[in-house]
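An overview of the molecular structure
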Amino acid sequence: MTARPPPIEIDVGHKLQTTAFSANGEYLVSGGDGARVWRVEDVRLKQLATMKAGGVQCLAVSNDGKLIAAGTTSGKAIVWDTKTYEPVWTFKKGMQGNINGVDFSPDSTRLVSASNKTAIVWDMAVGKQVQTLRHEGRVTGAKYSPQGDRIATATSRSFQVWDSNDGRLLLNRNVAVIPEYNTGLLWFGNNHLLVVLDSAIRQFETSSGSAVSEWPVSDTGSSSCIALPKNGEFIAYSTRRSLTFWDTSTHTRLGLIQHPQDIRSVALSPDDRFIATGREGRKITIRSLFPFANSIPLSRLHTTFQEPDFRIDDPPLDAWKQDHLANADALLTSAIHESRDLNPPVLASRALVRARLQHWDAALEDAEKATQLQPSVIGYIAKSIAHVGKGERHKAYEACDIAFELFHSSHGTFILLIKAIIMFMAGEQRDAISRVDDLIATVHLNSICYVVQAYMYLLLGNSQMEASDYKGSIQSFEYARARMQHHTSQPLFVVSMVSGWKFDNLDITIRQRLCEALCAAGDFSLEHPGDTAVDAQQYHEAISHYTTALSLNPLSQQGVLIKRSKAFLAAGSWKQALDDANKAITLDPSSPWGYEMKHAALHKARDYDNAIDAFEEMLSKIAQSPAPDVQ
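Each chain has its residues counted from 1, following the order in which its sequence is written. For a predicted model such as this one, the threshold for reporting local features is a pLDDT of at least 70, and the threshold for listing and counting side-chain atom pairs is 80 or more; totals across whole chains, interfaces and linings nevertheless cover every residue. Only hydrogens and water are removed before side-chain values are computed, so all heavy atoms of the structure are retained for them.

**Description of the sheet that holds strand β24 (residues 242-247)**
By the convention used here, strands pair only if DSSP detects at least 2 bridges between them. The way it works is that DSSP assigns letters per residue, a run of H or I at least four long becomes a helix, a run of E at least two long becomes a strand, and they are numbered from the N terminus. With antiparallel pairing, four strands are arranged side by side in an open sheet as β22-β23-β24-β25. Of all the strands in the sheet, the pair left with one neighbour each is β22 (225-227) and β25 (253-258). Going from strand to strand, the sheet's axes swing by 20° on average, the running direction of each strand aside. Lines fitted to the C-alpha atoms define the axes, with helices restricted to the stretch that makes contact. Angles between their N-to-C directions range from 0 to 180 degrees.

Next comes the structure, spelled out in structure tokens:
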């Protein structure tokens with residue numbers, strides 16, 4: 001099986017709102033505070049140019065690769081030449097407010113822009129307005145059909161189809177289109193549209209407006225996005241921090257990838273090789289798209305997690321659980337010698353114990369005998385781990401694949417999770433983590449997968465720390481901490497017994513390592529990630545960072561409590577803001593800033609009398625303070 005290259009993440013250097021690939025897939029354009037062009041080389045991005053523009057909301061690249069268009073918050077549509085990266089046209093006439101969508105005609109001769117209550121078509125040869133498509137509401141998207149004979153537009157209450165030659169309205173369908181900025185409307189072939197509605201992606205036939213198909217989705221919002229590959233085999237759908245893939249034929253969910261921040265844009269390269277996700281803040285993640293479709297055979301999985309039974313006596317099993325591996329080996333060996341015939345389950349278990357002891361040849365010999373006598377999940381997993389230990393990763397993966405073919409109906413999810421762990425052990429960490437993402441989207445008890453993935457990020461962060469990659473390790477530990485929000489009390493005995501990974505007190509270990517990484521990076525201000533999140537108006541993320549800082553560094557709690565109080569208040573949680581303000585006052589009654597936040601929280605709660613008392617107390621503390629910065 002071909003492994004996917006690890007995803008690449010870059011900081012684009014500006015607030016990110018949108019992304020678009022060129023027609024040949026050779027470069028990617030990012031838009032936000034300006035626009036930048038990046039060359040795509042083997043899942044890597046190299047900056048080529050920067051174009052100045054205020055508040056880029058949407059982007060399009062012409063099919064001939066000669067032009068880049070951007071819609072801005074200043075009511076302008078700007079078109080650049082891709083050779084010089086200089087503006088060719090700047091369109092403003094007839095448009096008011098934000099430009100929410102831009103799209104080139106397939107022959108690259110025209111551009112449609114969507115703004116307040118109009119979609120305007122522009123001639124690229126002369127830079128003149130040639131059509132005005134008027135709407136009753138704010139236009140949130142505009143897309144040319146693949147053949148260029150029609151234009152689809154959307155408002156919050158409806159979508160329309162227009163004749164692109166004469167501007168005639170061909171269809172008006174009243175449905176609530178949720179996303180903005182050209183991300184909720186997509187042509188599916190030349191005669192169908194995909195539209196993101198509340199809790200569904202719906203397919204419409206464009207001549208009649210009839211709904212012909214639907215994919216149930218959740219959490220649709222103004223930033224939700226959809227994208228299609230050329231072959232139309234699946235839909236990529238993003239909402240909040242999740243990127244989900246749906247099969248267009250079976251309507252089944254193929255997989256899911258979680259991101260640490262909200263997703264703002266999704267773009268597929270025209271050759272279907274890459275998928276790029278632009279995230280809230282300044283980050284783009286670009287990953288190889290295939291072999292996504294066959295990365296794991298999700299269609300053959302039950303959605304429950306069932307661990308296999310070892311089928312051995314209690315004494316060796318208990319010794320194994322307690323990590324007394326040599327004792328377990330001795331007890332299993334004694335059981336084998338006492339048995340008249342070879343017992344395949346016992347032999348398979350001893351193979352796995354010996355693999356854990358790194359006795360690779362002995363483990364492989366036991367596993368071979370056990371699987372020949374009676375194929376079992378444990379026997380093939382022992383064989384796989386032994387092969388990894390001997391540096392034979394492809395043989396290891398083959399053993400897992402055989403186990404899946406034989407036992408997918410009962411233990412398929414468990415086998416795929418163990419295979420991801422084995423891939424991680426073999427050094428393919430990023431691909432292993434990505435495969436667990438796919439499982440999380442499918443497994444009913446996916447909290448187990450979240451915990452395993454958290455452990456993977458912990459180990460990855462540890463490796464990065466050893467390599468003095470403190471920035472990378474901080475990010476990995478942050479990812480691990482986020483995964484532990486899904487922690488389950490369900491035991492992971494078998495996963496632990498097979499892998500040797502210890503999940504006890506994992507949350508504490510992750511937080512400790514995060515603290516060490518922050519200190520090693522020279523960032524002793526543990527609340528700094530929270531400050532960054534506040535600056536980006538990501539208040540719930542800021543609250544999470546401040547909570548971590550409070551748990552890791554109790555010596556500076558008063559200041560962090562005030563910061564978290566402000567974040568709670570900005571997030572609309574005045575009760576929690578008031579609790580933190582009172583805690584800050586208790587820690588340092590002489591400081592005015594706890595009273596300042598108490599006043600703000602009480603004012604938000606409309607408890608004006610107590611708010612006035614808190615404000616007067618703040619003024620009193622300011623007057624009494626000897627500190628110059630307070631005065």
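**A closer look at the nonpolar core**
Residues Phe310, Trp320, Leu352, Val452, Met456, Phe503 and Leu506 are the most contacted members of the largest nonpolar core, which totals 78 residues. It is helix α6 (residues 393-425) that provides the largest number of residues to this core, a total of 16 residues. Apart from residues lying up to four places away in sequence, Phe310 is in contact with Leu317, Trp320, Pro345, Ser349, Leu352, Ile378, Val494 and Met497. Buried Ala, Val, Leu, Ile, Met, Phe, Trp, Tyr and Cys residues form a nonpolar core when they are joined through side-chain atoms within 4.5 Å. Accessible area is worked out with a 1.4 Å probe on protein chains only. A residue is then buried under 20% of its type maximum, exposed over 50%, and partly exposed in between. With 21 residues, the next largest nonpolar core counts Ile562, Leu578, Ala611 and Ala614 among its residues. It only takes one pair of heavy atoms within 4.5 Å for two residues to be counted as in contact.

**Points about the packing of helix α9 (residues 470-483) against helix α11 (residues 506-520)**
Look at α9 against α11: their axes get within 9 Å of each other, and the N-to-C directions meet at 155°. In terms of axis orientation, α9 runs roughly antiparallel to α11. The chirality of how α9 crosses α11 is left-handed. Packed against α9, whose contacting residues are Tyr470, Ser473, Ile474, Phe477, Glu478, Ala480 and Arg481, the element α11 presents Ile510, Arg511, Arg513, Leu514, Ala517, Leu518 and Ala520 at the interface. Amino acids are sorted into nonpolar (Ala, Val, Leu, Ile, Met, Phe, Trp, Tyr, Cys and Pro), charged (Asp, Glu, Lys and Arg) and polar (every other residue, Gly among them). Looking at the contact of α9 with α11 residue by residue, the class counts come to nine nonpolar, one polar and four charged. These descriptions rest on fixed angle ranges, namely under 35 degrees for roughly parallel, over 145 for roughly antiparallel, 65 to 115 for roughly perpendicular, and the rest for oblique. For any helix crossing, the convention is left-handed if the near helix is rotated counterclockwise from the far helix by under a right angle, and right-handed if that rotation is clockwise.

**Side note on the sheet that holds strand β21 (residues 211-216)**
Hydrogen bonding along the main chain pairs the strands of a sheet, whether they run parallel or antiparallel. Taken together, four strands build an open sheet; the order of strands is β18-β19-β20-β21 and the sheet is antiparallel. Of all strands in the sheet, those with a lone pairing partner are β18 (185-187) and β21, marking the two edges. Taken over all neighbouring pairs, the strand axes of this sheet differ in orientation by 20° on average, direction set aside. Bridge count for strand β20 (residues 200-205) against β21 is five bridges, and the pairing is antiparallel. Residue pairing in the sheet places Gln203 in a bridge with Ser213 of β21.

**Examining the confidence of the model for the chain**
Counting all residues, the mean pLDDT for the chain is 86, and 91% of those residues have values of 70 or more. By mean pLDDT, the top-scoring element of the chain is strand β16 (residues 159-163) (97), and the lowest-scoring one is β25 (74). One confidence number per residue, pLDDT, is output by the predictor and ranges from 0 to 100. Contacts of residues 291-300 to residues separated by more than four positions or lying in other chains number 25 contacts, the stretch itself having pLDDT below 50.

**A look at the environment of Lys583**
Structurally, Lys583 is set in helix α15 (residues 574-587). For Lys583, a relative accessible area of 44% puts it in the partly exposed group. Sequence spacing of Lys583 and Ile562 is 21 residues, and the spatial spacing of their C-alpha atoms is 9.0 Å.

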